[in-house]
Amino acid sequence: MNLHEFQAKRLFAAHGVPIPRGDVARTPEDATRIAADLGGHVVVKAQVHSGGRGKAGGVKLAHSAAEAAAAAQQILGMQIRGLTVHQVLVDELAPGGIAQEIYLAVLIDRARRRPMIMASAAGGMDIEQVAEESPEKIIKVHVDPFLGVRAYQSNFIAARMGLPRELWAQFHQIVTGLYACFKANDASLTEVNPLVITGEGKLMALDGKMTIDDNSLFRLPHIVEMRDTSDEPEAEQKARAAGINFIKLDGNIGCMVNGAGLAMTTMDVIKLYGGAPANFLDIGGGAKAEQVATALRLILSDANVQAVLINIFGGITRGDEVAKGIITALEQVQTEVPFVVRLAGTNAAEGMAILADAKMTTAVTLSDAAQKAVALAKGGNNS
Amino acid sequence: MNLHEFQAKRLFAAHGVPIPRGDVARTPEDATRIAADLGGHVVVKAQVHSGGRGKAGGVKLAHSAAEAAAAAQQILGMQIRGLTVHQVLVDELAPGGIAQEIYLAVLIDRARRRPMIMASAAGGMDIEQVAEESPEKIIKVHVDPFLGVRAYQSNFIAARMGLPRELWAQFHQIVTGLYACFKANDASLTEVNPLVITGEGKLMALDGKMTIDDNSLFRLPHIVEMRDTSDEPEAEQKARAAGINFIKLDGNIGCMVNGAGLAMTTMDVIKLYGGAPANFLDIGGGAKAEQVATALRLILSDANVQAVLINIFGGITRGDEVAKGIITALEQVQTEVPFVVRLAGTNAAEGMAILADAKMTTAVTLSDAAQKAVALAKGGNNS
Amino acid sequence: MSILIDKQTRLVVSGITGREGSFHTTQMMAYGTNVVAGVTPGKGGQFFAAAGQQVPIFDTIAEAVLETGANTSMIIVPARFAVEAIYEAADAGVSLIVCLTEYIPVLDMIAARAYLDAKGVRLVGPNCPGLLTPGQAKVGFIPGNIAMPGPVGVVSKSGTLTYEVIDALTRLGIGQTTCVGIGGDPINGTDFIDVLKLFEADAETEHIVMIGEIGGNAEEQAAVFIKQHVSKPVTAFIAGRTAPPGRRMGHAGAIVEGKSGTAEGKIAALREAGIPVAENPDDIARIVAQRMGKA
Amino acid sequence: MSILIDKQTRLVVSGITGREGSFHTTQMMAYGTNVVAGVTPGKGGQFFAAAGQQVPIFDTIAEAVLETGANTSMIIVPARFAVEAIYEAADAGVSLIVCLTEYIPVLDMIAARAYLDAKGVRLVGPNCPGLLTPGQAKVGFIPGNIAMPGPVGVVSKSGTLTYEVIDALTRLGIGQTTCVGIGGDPINGTDFIDVLKLFEADAETEHIVMIGEIGGNAEEQAAVFIKQHVSKPVTAFIAGRTAPPGRRMGHAGAIVEGKSGTAEGKIAALREAGIPVAENPDDIARIVAQRMGKA
């Protein structure tokens, strides 16, 4: 789950990382009031779950409350990478200006199986280019899960970045604060870019990004409350509520599969035989009939769908449960879309027996099923 | 550093381990008041830094405030293993009586290099005998320093002890509380004996012992405040204040050595040649002249001392510093006691030069020094 | 021969009385797996009945190990209890832990994996279908009836896709030594390289099938390892060629992963190492048959 | 040959600018130890001058290792900073850490030792006099002038008592391969058995001297190990025959330690293993000389 900048920064601040004063506005009037409170010299920033805001025009400076209102007016409602901006963050400018931009992140290094602190004295929007052209400018330090961040680690980063020595103590506090924030919120990414040295010689986190591990949300009620689904498609919201992993795509063959790997493979094989999947859909392990019915309704709610391919290889999931779910869904949703069903593994025979009366094309192998679905979808296109 | 029972139990309680209501009395009058507040049925227990209180008559039951006062009267001033009782703990009796006595301790297992939880359903005063005769009745579980005590560990102990299942949750709370208390106070031992099941079916820590790691006292101001030196010999108090490791013994040859191993060896060699050491004294590593002087004053304050053996093998400690300390001390303390000095290692030659004018017997090896000291001490006895 | 599980396996199941736990334990026992104990805190002293046997239930894994000599632990408990069960199994002294549970928080697994490494205990999973040594033992979800004994070792990040591949092999008459589902979580206990080493050392395994998917760089690392250290033929498959790229927050991912993680990158790395990569799971079995001289 | 330190040792000293640190670093450099770096946070970029050399100072051990190729760390900082320096050295990638600092809290050392074991880094100490390989390198306090190269390996729990023994050996013309002070703290990094293994494997070590003292059961364990695994002659000494027993609180100590820990118990265990135990440190040298055919 991704957080908005303002949410991330408030969490940073709760762990002792200094951030600018500021607040969120959903209207130009809000922006006026906030900017006036902050003295007029502010930055107005689109709050959407996407990078690239700056280049898309979603970040604007203002030097009066009126300018802030105008900036908010321009940004609110803007589309950034397909997402609509519903709110802006109005922040004071860095006190005394910006002397240097630093990059600082805590993330998970899968290869080393450790949280990693990554930093560079060359922060700012071009950090990816820096990483590619001058990798030695990116400093990486791994954190032991039981020890946490130690002073010698932040000192090492500070020394390697050439950070002025009078800032080391504050830098250590920020690194430990950011790691504490990462850990307390089960983040997979916590990024500050830029962390600036202000004109007054202090460190301050001007921007913030955080991604939370979805597996941990059960113990993070305060994060769940932050979920903003205003830019999430309705079908994906429904899927999430039902515990189904669903992503809408542009093709015309609806897919229902158990297991992410097999679901991706099913899409790959559809493509291989000249078709185009309408979605990725993994009903997960051990899905019950109701979940299967919800999944089918989601697939059929997409008007592009010309055929449905159901590919279930039972292990945890049982073929009879899947078959019951299909029957339930078809009782509720009247559809002319043709189905290809392929059940294998645990209780597959029982499932096929339940489906015997429904008019469905069946298949024994995935290749066979995909070829039949592609043919049916083309037939549907022709009719 | 050892704590009194009441101090240990107050720390237990701060970590969620249930203890009886009670308070400390330094006079029979205090005991009367406390016992009256508790309803009269109490136990009065000597608070001294020693085990074996029960067998020495330092623990008495009372069933009225007057009985409590009488018990306090008897116990206060009593000698237990050479220590004078200055205060008693007046505790309520276990509510509903005692159904079972359990032994529970957290300590350091040097061989496994881990904190260890040790428990037995056969708690009480005979636990050492149980351990010897039926070692299978002692359950031991090691704690990982980074994981702490886990529920599966307290469940394992509870299952092996045959603890009634309805007490497992409370037992887990007590085990984790005791471990937290052990860790937060840098204990090397935290012992509850007995932990009882009361007549009301609850667990309660009736007695408590704690030993604190002296090396950690710098970060435990609340423990340092608990130090009770009223039963500690004056010379040992002075030694501790000066950072000197000193234990008075019964012989007549005073010893001053650098390093505990060499100090013990010096005593061993004195014994080997027929003498008897008057003390163990380790001036520590890198001792300065003032410490040496303090050490000498301590030794000479013992009227039994007939000879002094100074054995310094310099490494961290420098021979010249030791020599200066000896000269300083001898300027302040007039003494007829003969000295044998043996300096070796770092700056030994410089040290011997400083001592050249003082009238002292010198020696090159430890055997030589010990033999000379034994001879001088015998001479002293004869004179 | 086989790897990790066989007739010597003495299995203790954590979560044996749960809905999934009892279903799959019954299936494992029916397959012939030697399930010696179950664990459910508070139910010690009861028995789990299946396949005509009575399996004793204990309150803790440690007791199960002491009383039954269990040497392998399977964990099938809800995610919020699973990491605790991993620590418990490691402390109890089993040599292999198989954790089937999915949705375990990543930071919890980082700590658990560090602990296991220090203890020298092997974990397979989490979020994995488990292991199957056809004809000997099954620990996990892999349906026993789709497999048969034979010379191919199968290792896979995926669950159901693995069944698909085993099924295809068996239909072509090609049996398996052991099938290992390592799970697709970002942090797991056993990776491709660990299993490749075991298959390389296993006398009965003649051919290895490796099934990867997009994300991480375990397949790329495995490709390098195979080129240097694996003498047996390996046939691979990568799922996710048509998967849409995820929306990325921040720069950190790009800086750390660069171009690794995509299906194209993984396929290129494997082909670079001389490993045939199938286009379709059915093709895997055909390629293996061909390379074994069976087609 | 020798063990642990020699001419290849490249030493980084944490606490080089402190009072004790600068004194002993100067002594080590005068002895010929290859001190390549010092560490004092906040003083990176400065130099430590001694024995006609300029040793660069860094803010962290990691930088010292990166810039100078240091392979051994010596820690001589106050107790409250010493454990942090142990972690730092372990993370920086040295293969040997020698911690001289005394008074480190025991629970801190338990955690640190667990961390080092997981990382596979060796620690000698804490609260120890360090190591001396006569004629090659000295890391710690042992006075260089009392030692000489030769065939005896010395391992000791004690500090100054070790010097006493080395001195006695040297006076009889018996030199040493390496002298190792493992320290007498309840939890340390390297124990008798670790060092005995190294001496057993060291081609130049012909005889081993082991110096123990009361407390713990490391000597008893070493006796068993020697009987089973050490082919070279060992001569021992145990300090503390006349030490008064400490006042004991509670029952735990008695239950755990039983009768181990006393001088009599240790001496009996050693003699049981066929190891001569000297009565007096001077005797050690005489016994060694006799057993080596020199007396």
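What you are looking at is a predicted structure, and each value in this text was computed from that prediction instead of being measured. (Residues numbered from 1 in each chain as written. Chains lettered and ligands numbered in written order. Predicted model: local features only at pLDDT ≥ 70, side-chain atom pairs only at ≥ 80, totals over all residues. Heavy atoms only, no water.)

## Overview of the overall build of chain C
Inference 1: Along chain C, the regular secondary structure elements total ten helices and 13 strands.
Inference 2: Relative to the compact-globule value of 19 Å for 295 residues, chain C shows a C-alpha radius of gyration of 19 Å, a close match.
Inference 3: Counting only C-alpha atoms and orienting by the principal axes, one finds that chain C spans roughly 55 × 50 × 30 Å.
Inference 4: For chain C, the separation between the mean place of its 23 positive charges and that of its 29 negative charges on side chains is 4 Å. (Helix = DSSP H or I, 4+ residues; strand = E, 2+ residues; numbered from the N terminus. Rg over C-alpha atoms; globule rule 2.2 N^0.38 Å. Lys, Arg positive; Asp, Glu negative; His and termini not counted. Charge placed at Lys NZ, Arg CZ, Asp CG, Glu CD.)

## With respect to the domain arrangement of chain C
It is common to give the size of an interface as the accessible area that goes away when the parts come together.
All names here are of chain C.
Inference 1: Domain assignment breaks chain C into domain 1 (11–124) and domain 2 (130–291).
Inference 2: The gap between the C-alpha centroids of domain 1 and domain 2 is 25 Å.
Inference 3: Taken together, the contact between domain 1 and domain 2 spans 18 residues of the former and 23 residues of the latter.
Inference 4: Surface buried jointly by domain 1 and domain 2 totals about 1,700 Å² across both partners, of which 66% is contributed by carbon and sulfur atoms.
Inference 5: For the interface between domain 1 and domain 2, the tally reads zero salt bridges.
Inference 6: One can count five residue pairs in polar contact (both at pLDDT 80 or more) joining domain 1 with domain 2.
Inference 7: When residues of the side of domain 1 that touches domain 2 are traced back to their parent elements, those giving at least two are α1 (19–31), α4 (106–119) and β7 (122–124).
Inference 8: Partitioned by chemical class, the residues of the side of domain 1 that touches domain 2 number twelve nonpolar, four polar and two charged. (Domains from an automatic or database assignment. Contact = heavy atoms within 4.5 Å. Buried area = accessible area lost by both parts, 1.4 Å probe. Salt bridge = Lys/Arg side-chain N within 4 Å of Asp/Glu carboxyl O. Polar contact = N/O pair within 3.5 Å; in protein donor to acceptor, adjacent residues only side chain to side chain. Nonpolar A, V, L, I, M, F, W, Y, C, P; charged D, E, K, R; others polar.)

## Quick look at the domain arrangement of chain A
Residue and element names in this part refer to chain A.
Inference 1: Entries for chain A in the domain assignment read domain 1 (1–20 + 95–231), domain 2 (22–93) and domain 3 (233–377).
Inference 2: Of the residues lining the interface, 15 residues belong to domain 1; the matching set on domain 2 comes to 16 residues.
Inference 3: Here domain 1 meets domain 2 over a buried area of about 1,500 Å², counting both sides, of which 47% is carbon and sulfur.
Inference 4: On the surface where domain 1 and domain 2 come into contact, there are five salt bridges.
Inference 5: If you look at where domain 1 meets domain 2, you find ten residue pairs in polar contact (both at pLDDT 80 or more).
Inference 6: A total of four residues in the side of domain 1 that touches domain 2 trace back to one element, the largest contributor, which is helix α1 (residues 5–14).
Inference 7: For the side of domain 1 that touches domain 2, the per-class residue count stands at six nonpolar, three polar and six charged.

## Notes on the pairing of strand β15 (residues 279–282) of chain A
Residues and elements named next belong to chain A.
Inference 1: Every second residue of β15 is oriented toward a common face, with Asn279 and Leu281 on one face and Phe280 and Asp282 on the other, all of them buried.
Inference 2: In this sheet, β15 lies alongside strand β13 (residues 245–248) in antiparallel orientation, the contact comprising four bridges. Counted as the bridge partner of Ile247 is Phe280 from β15. (Buried < 20%, exposed > 50% of the residue type's maximum accessible area, 1.4 Å probe, protein only. Pairing = 2+ DSSP bridges.)

## Some thoughts on the sheet that holds strand β13 (residues 234–239) of chain C
One key point about sheets: their strands pair by backbone hydrogen bonds, in either a parallel or an antiparallel sense.
All names here are of chain C.
Inference 1: What the six strands build is an open sheet, ordered β9-β8-β11-β10-β12-β13; its pairing is mixed. Only two strands of the sheet have a single partner each, and these edge strands are β9 (137–140) and β13. Looking at each pair of strands side by side, their axes are set apart by 15 degrees on average, direction ignored.
Inference 2: The pairing of strand β10 (residues 149–156) with strand β12 (residues 207–213) spans five bridges and is parallel. In the sheet register, Val155 faces β12, and the bridge partner there is Met210.
Inference 3: Those strands touched by helix α7 (residues 218–229) are β12 and β13, and its axis lies near 155 degrees from that of β12. (Axes fitted to C-alpha atoms, helices over the stretch in contact; angles between N-to-C directions.)

## Remarks on the confidence of the model for chain C
Inference 1: When pLDDT is averaged along chain C, the result is 93, and 94% of the positions lie at 70 or above.
Inference 2: Quick note on the complex model: pTM equals 0.93, ipTM equals 0.92. (pLDDT = per-residue confidence, 0-100.)

## Examining the environment of Gln47 of chain A
All names here are of chain A.
Inference 1: Relative to the helices and strands, Gln47 resides in the loop between β2 (42–46) and β3 (59–62).
Inference 2: The spacing of Gln47 and Gln7 is 40 residues in sequence and 9.6 Å in space, taken between C-alpha atoms.
Inference 3: Discounting residues that sit within four places of it in the chain, Gln47 has contacts with His4, Glu5, Phe6, Arg53, Val85, Gln87, Val88 and Leu89.
Inference 4: In terms of polar contacts, Gln47 uses its side chain to reach the side chain of Glu5, at 2.9 Å.
Inference 5: At 3.3 Å, the side chain of Gln47 forms a polar contact with the backbone oxygen of Lys45.

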